[in-house]
Amino acid sequence: ATDEFGNSSSAVQTININRANPADLIFPPDVDVSCVDYNANPTIIDANLSGAGQPNLIDEPICGLAYTYSDEVLNICGGPNASQLIIRTWLVIDICGNDYIEVDANGQDNVQVIRIMDNTPPEIQASSVEIVANVPPESNGLDGCSSMGFIPAPVVSDICGDVVDVRIFTPIGEAGYLNGSDGTAGGMVPSPGLQLGTHTITYQAEDACGNTSTLDVEVTVIDNLPPVMICDNSLSLSLESTGFGRIYPADIDENTWSFSARMIRLMWY
C-alpha cells in the first residue's frame, strides 16, 4: 500500500485451499413419497438437491469427490403410477486418492431407498336407485312382493392406478354380478329380493394396492305393475222369474292377481 507521500509497505497473506475430506461425506437419506405427489411432480425423486437428494462434498472445486449413481426400479402394485421401490446406489470416489466410499460419516451405506407409496383409496360416485318389484309372495316366501332387480355399477376412479375390484352389498347379501366376477358391470339383488320400501346398499371399491373405500346408497323398491286380469271370456246366465239374474265377481274372476295388492276389486261397467 502507498500513501500520498510515496511511503509504501506490503504484507503477505497465505490462503490454503483444503481438499474435501472423504471422512465428512454424507449420503442422502431414504425418501418416502406419496403417489399423489409423484404424479403431480415426477422430478421429486430425481437425483438432485431439489429431488431426492445428493451426497455432500461433490461440488468441491479442488480434489472433490466424483460421483455417479444407478437405479433399480421395482413395481410393487398398481403399475408405474402407484407403488414403486427405487434402489439408488451411489458410486462416490475421492478423485485425489481414488478411494471408493461405501459408508459415510454417519455409518450410512451408499444405497438410498426411495419408496413411491399408494395409500390413496379409490373414489366412488353413485346416485340413489329405484327398482321395480318383480317377485310375488308366492315365489319369494315373504309377506309381500319383492324385487330382484338390477343395481347399476358405480362410477369409480383412482388417482394412482387401476381399480381392480368393485363389490355391491345389499341388506340380504352380495349382489349377483352380471360379469360373473364383480360389480363393474352392475348386479342383481339376490333372492328372495328386497321388499317394498327404501333400503341401503353399500358399494365397495378396492385398488391394486389394497386401498378400499365404500359408499352407501339408497335403493327404493316400488310397485308400478298393474294387476294381471284372468277372467272368463264368456258366461251363461239364467234369468229368474222376475226377469233379473245375479252375477258375482267369482263367476268371472279366474285368479286375477297383483304383485303387491292385498285386495283386488273388480269394477263393473
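Criteria and thresholds
- Residues numbered from 1 in each chain as written.
- Predicted model: local features only at pLDDT ≥ 70, side-chain atom pairs only at ≥ 80, totals over all residues.
- Heavy atoms only, no water.
- Core = buried A, V, L, I, M, F, W, Y, C linked by side-chain atoms within 4.5 Å.
- Buried < 20%, exposed > 50% of the residue type's maximum accessible area, 1.4 Å probe, protein only.
- Helix = DSSP H or I, 4+ residues; strand = E, 2+ residues; numbered from the N terminus.
- Contact = heavy atoms within 4.5 Å.
- Lys, Arg positive; Asp, Glu negative; His and termini not counted.
- Salt bridge = Lys/Arg side-chain N within 4 Å of Asp/Glu carboxyl O.
- Polar contact = N/O pair within 3.5 Å; in protein donor to acceptor, adjacent residues only side chain to side chain.
- Patch = residues over 30% accessible without salt bridge, like charges linked within 9 Å, V, L, I, M, F, W, Y side chains within 5 Å.
- Areas by Shrake-Rupley, 256 points an atom, 1.4 Å probe, with all protein chains shown as cover.
- Pairing = 2+ DSSP bridges.

1. Observations regarding the nonpolar core
Now for step 1: In terms of nonpolar packing, the biggest core is built from 17 residues, with Ile131, Ile151, Ile168, Ile201, Tyr203 and Val219 touching the most fellow members.
Now for step 2: Contributing elements (two or more residues each) for this core: β7 (129–132), β16 (197–207) and β17 (212–222).
Now for step 3: Once you skip the residues sitting within four places of it in the chain, Ile168 turns out to touch Ile151, Pro152, Glu174, Ala175, Tyr177, Gly183, Gly186, Gly187, Ile201, Thr202 and Tyr203.
Now for step 4: In terms of nonpolar packing, the next biggest core, distinct from the first, is built from ten residues, Val33, Cys35, Ile114 and Cys160 among them.

2. A look at the side chain of Asp207
Now for step 1: For Asp207, the location among the structural elements is in strand β16.
Now for step 2: Notably, Asp207 is buried but unbridged: the nearest opposite-charge side chain belongs to Arg167, and the N-O separation is 14 Å.
Now for step 3: At 2.9 Å, the side chain of Asp207 and the backbone nitrogen of Cys209 are in polar contact.
Now for step 4: Of note is the side chain of Asp207, whose polar atom sits 2.9 Å from the backbone nitrogen of Asn211.
Now for step 5: Among residues more than four places away in sequence, those in contact with Asp207 are Asp118, Thr120, Pro122, Asp158, Asp162, Val163 and Val164.

3. Description of the side chain of Asn211
Now for step 1: Mapped onto the elements, Asn211 comes out in the loop between β16 and β17.
Now for step 2: For Asn211, a relative accessible area of 14% translates into the label buried.
Now for step 3: Of the polar contacts made by the side chain of Asn211, one reaches the backbone oxygen of Asp118; its length is 2.9 Å.
Now for step 4: The residues touching Asn211, leaving out its near neighbours within four places in the chain, are Asp118, Asn119, Thr120, Pro121, Pro122, Ala205 and Glu206.

4. Some points on a nonpolar patch on the surface
Now for step 1: On the surface, Phe150, Leu178 and Met188 cluster together to form a nonpolar patch covering roughly 260 Å² of accessible area.
Now for step 2: Its place among the elements puts Leu178 in the loop between β13 (176–177) and β14 (187–188).

5. A few points about the sheet that holds β16
Now for step 1: Across the sheet, five strands lie side by side as β7-β17-β16-β11-β12; this open sheet has mixed pairing. At either margin of the open sheet sits one strand with a lone partner, and together these are β7 and β12 (173–174).
Now for step 2: By the bridge criterion, six bridges tie strand β11 (residues 163–170) to β16 in an arrangement that is antiparallel. Bridging from a neighbouring strand, Asp165 pairs with Glu206 of β16.

6. Let's talk about the sheet that holds β13
Now for step 1: Spatially, three strands are ordered β9-β14-β13 in an open sheet, and the strand pairing comes out antiparallel. What marks the edges here is a single partner per strand, and that holds for β9 (150–151) and β13.
Now for step 2: Two strands pair when backbone bridges link them, and β13 and β14 are joined in this way by two bridges, in the antiparallel orientation. Pairing of Tyr177 across the sheet is with Gly187, part of β14.

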